[in-house]
Amino acid sequence: MRLIIGEVITGIGTVFLFLGSLGIFRLPDVYNRVQAGTKCATLGAFLTIIGVGVMQPDWFWKALIIALFILISNPISSHALGRASLKSGVRLCDKSVVNKTEEFGRYNKK
Amino acid sequence: MSETIFYIFLIIIGAGVILCLLRMLKGPTASDRAIAVDTVTTIVVALLVLLGFFFKRYVYLDVSLVYSVISFVGLVAIARFLEKGI
């Protein structure tokens, strides 16, 4: 029973990892790719590692430590990358509707 | 976990890694490549835990933890470099 629950959780996690990679490949812009990669890959890795911890109960606490570290560190690194690409002058794609960061003078240097 | 389910998981994760590597080859700017590498490292951390469960090696969890820490530090360094230069 525990094996079946763990396999279902791990399967959902792998599907989310694949969807995150698909978003990385298909979305048109740097910032869209940032949000696709961060959200889907973080949730997918979290679910995969927790599923392995459910299938093998001796490893659960260490898997939980790894999953919590990914849950904390991955949004921080993606935020740093997005902010760096905004500051280094990467523009939004043509279909974007609004850009709030033009109100701040120190972003969007030409 | 039976071998068939493990191979199905492995094929799904491998397809994701291949898509990310294609974006890393194509990407117009340096930020695209850095984001693709970020996603690949996150996927590889999950894949190492899965491989450690399948091969019944406890060491793979240590490898996964150290790999995630080193990838985090490296990506923050790359972001710092893109923002201001060294």
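My aim in this report is to walk through the structure given alongside it, one point at a time. (Residues numbered from 1 in each chain as written. Chains lettered and ligands numbered in written order. Predicted model: local features only at pLDDT ≥ 70, side-chain atom pairs only at ≥ 80, totals over all residues.)

**Some details on the overall build of chain B**
So, point 1. A tally of helices and strands in chain B yields three helices and zero strands.
So, point 2. Secondary structure elements in chain B, listed N-terminal to C-terminal, are α-α-α.
So, point 3. In summary, chain B has a C-alpha radius of gyration of 15 Å against a globular reference of 12 Å for 86 residues, an excess of more than 25%.
So, point 4. For chain B, the C-alpha atoms occupy an extent of roughly 50 × 25 × 10 Å along the three principal directions.
So, point 5. Counting every position in chain B, which comprises 86 residues, the buried fraction comes to 41%. (Helix = DSSP H or I, 4+ residues; strand = E, 2+ residues; numbered from the N terminus. Rg over C-alpha atoms; globule rule 2.2 N^0.38 Å. Buried ≥ 20, exposed ≤ 12 C-beta atoms within 10 Å, placed from the backbone.)

**Some points on helix H2 (residues 30-55) of chain B**
Residue and element names in this part refer to chain B.
So, point 1. Compared with an ideal rise of 1.5 Å per residue, which puts 26 residues at 38 Å, H2 spans 37 Å between its outermost C-alpha atoms and is within 8% of the ideal.
So, point 2. Within H2, 19 of the 26 residues are buried, which leaves it mostly tucked inside the rest of the structure.
So, point 3. Looking one or two residues past H2, Lys 56 carries a phi angle of roughly 55°, positive in sign. (Expected span 1.5 Å × (residues − 1).)

**Side note on the packing of helix H1 (residues 2-26) of chain A against helix H1 (residues 3-26) of chain B**
So, point 1. Put simply, H1(A) and H1(B) touch, their axes get as near as 8 Å, and they point 20° apart. Classified by the interaxial angle, the pair formed by H1(A) and H1(B) is roughly parallel. Regarding H1(A) and H1(B), the two cross each other, and that crossing is left-handed. On H1(B), the residues that touch Glu7(A), Thr10(A), Gly11(A), Thr14(A), Val15(A), Leu17(A), Phe18(A), Ser21(A), Leu22(A), Ile24(A) and Phe25(A) of H1(A) are Ile5(B), Phe9(B), Ile12(B), Ile13(B), Ala15(B), Gly16(B), Leu19(B), Cys20(B), Leu22(B) and Arg23(B).
So, point 2. In terms of residue class, the contact of H1(A) with H1(B) is made up of 14 nonpolar, five polar and two charged. (Axes fitted to C-alpha atoms, helices over the stretch in contact; angles between N-to-C directions. Parallel < 35°, antiparallel > 145°, perpendicular 65-115°, else oblique. Left-handed = near helix turned anticlockwise from the far one by under 90°. Contact = placed C-beta atoms within 7 Å. Nonpolar A, V, L, I, M, F, W, Y, C, P; charged D, E, K, R; others polar.)

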